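Architecture at a glance
Below are the chains, spelled out letter by letter.
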Amino acid sequence: KQWYQRRVAITAGKDGTDEANCGTCDFEGPGTCGWSTNHPGVWKKMAGAQDYYGPGYDHSLGTGEGHYMIAESNWWHYADDNHTVEEISTPVFATTGKRCRIRFYYAADLGVNGTMTVTVKNDAGSFIALSKTGNSTGNWTFVTARLSEGTNVQVTIGLSISVENYEAYWLAIDDLRFTDCDPGHLNGPGECDFEVDTCDYTNLDARDDFDWTRHQGPTASYNTGPKTDHTTLTDKGWYYYIETSYPRQPGDTAVAQSRWMTYGDTNPGDGAQCTLEFWYHMMGDHIGSLNVFKYTKKGYTLLRNLTQAQADDWVEGRIPLANDGPFKLEFEGIRGISYEGDIALDDIELDDCAVTNLCAKEDHDCTGPTCVPQDRVCDLYDDCGDNWWWLDTDERRCATCNFEEGQCGWKNKKEKSTDCDSALIPLL
């Protein structure tokens, strides 16, 4: 098929409500918030219903008096028109952070083969961030696309049609905004890129046989594991992984657990869904499995079970999260039948979740959704109330011990005056 494309090039300005002419727009005020076009007539600022196309009302007000931008395209437009690209643009984003997103509502009739795309261009190149093809309804629908980290960033919303279908397509947009676009290091609750440390994630000794390890560059084993991290895509970047070489045995598990988190406003007002996003690498002939759990006071919920070996590449995982009270996240790596089973994690994010840590940074997270001040840890009283002998009680590493799960805080101390070793009790 021969395709002709008219595209709307939208160049995102700096994020923030103070920048009225830089792209964020509901089209209710004068003008188009800095948006301009190089070929007037295809994209128009409209209100109410059109003769035979359009949503009939805007999204902001939900009435026929509200405004939106709309483009209408027919096959005969392309037959005699040399202008195959139509652009609406704002000033260029100088820089964007890795979590930068464009969010907007669209309504469309894309027929059978019409396509709406969101393409991101920056100094490093271009990529398609979002694509919607055919069979759309005229109802307003929320979408979001990640712009990612870059310089001189330009976002293009494209409407493509096939002239063989002789169809009339239209696309309307409203309530565009840009969020989380400030560049910089961002790791919120439950999130981690592992560039500095392991953030809120720790190995859960009470439930595993070995540990997740923060690492950079290739792993020690041949034909398994990543060569770079996902954040920087270089061997200088860091990620979290399980090393499945000896002495690991088939079925051995490693469990990384976050701290307790609690939801804030999980409805940002634009239809967004709280989503866990993460990148994983599972390359090798004997991959075991990667399990993602959500832990609440009701127990464990398996969110995702990944068992199939992938190509030598990072793969994105996305899991919607329901608001059902305080929770922890767990990533469980299970060793396969041989050493060719390294599994890696990177760039864990919680998108549109508005979560906060339940406990202060210096406090102790109990097994249940309870916090214990640091000055009450190791006071020989079970402040957590979750059993001294197991899991993550505040007294678990404080000398009371059956030595079934580690040494409970006991350490060897070499005496200067002798060659003998002595056991040193934790400070109580």
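Thresholds applied
Residues numbered from 1 in each chain as written. Predicted model: local features only at pLDDT ≥ 70, side-chain atom pairs only at ≥ 80, totals over all residues. Heavy atoms only, no water. Pairing = 2+ DSSP bridges. Helix = DSSP H or I, 4+ residues; strand = E, 2+ residues; numbered from the N terminus. Phe/Tyr/Trp six-rings, centres within 6.5 Å; stacked < 30°, edge-to-face > 60°. Buried < 20%, exposed > 50% of the residue type's maximum accessible area, 1.4 Å probe, protein only. Lys NZ or Arg CZ within 6 Å of the ring centre and 35° of its normal.

Quick word on the sheet that holds strand β16 (residues 253-257)
A sheet is described by the order of its strands in space; here 5 strands give the open sequence β13-β16-β22-β19-β20, paired in antiparallel fashion. Across the chains shown, the open sheet's two edge strands, defined by having one partner strand only, are β13 (202-203) and β20 (299-306). Pairing of β16 with strand β22 (residues 328-334) involves 5 bridges; the strand directions are antiparallel. Bridge pairing in β22 places Gln257 opposite Glu330.

Some words on the packing of aromatic side chains
Scanning all chains against the criterion turns up 13 aromatic pairs. Relative to Tyr295, the ring of Trp260 lies with its centre 5.6 Å away and its plane at 40 degrees, an arrangement referred to as tilted. Of this pair, Trp260 sits in the loop between β16 and β17 (261-263) while Tyr295 sits in strand β19 (residues 289-296); the two residues are 35 residues apart in sequence, bridging distant segments of the chain. With respect to burial, Trp260 and Tyr295 carry one shared label: buried. Among the aromatic residues, ring-to-ring pairing joins Tyr201, Phe278, Tyr280 and Phe331 into one connected group. The ring of Trp238 carries Arg214 above its face, with NZ or CZ at 3.9 Å from the centroid. Cation over ring: Lys294 sits above Phe327, and NZ or CZ is 5.1 Å from the ring centre.

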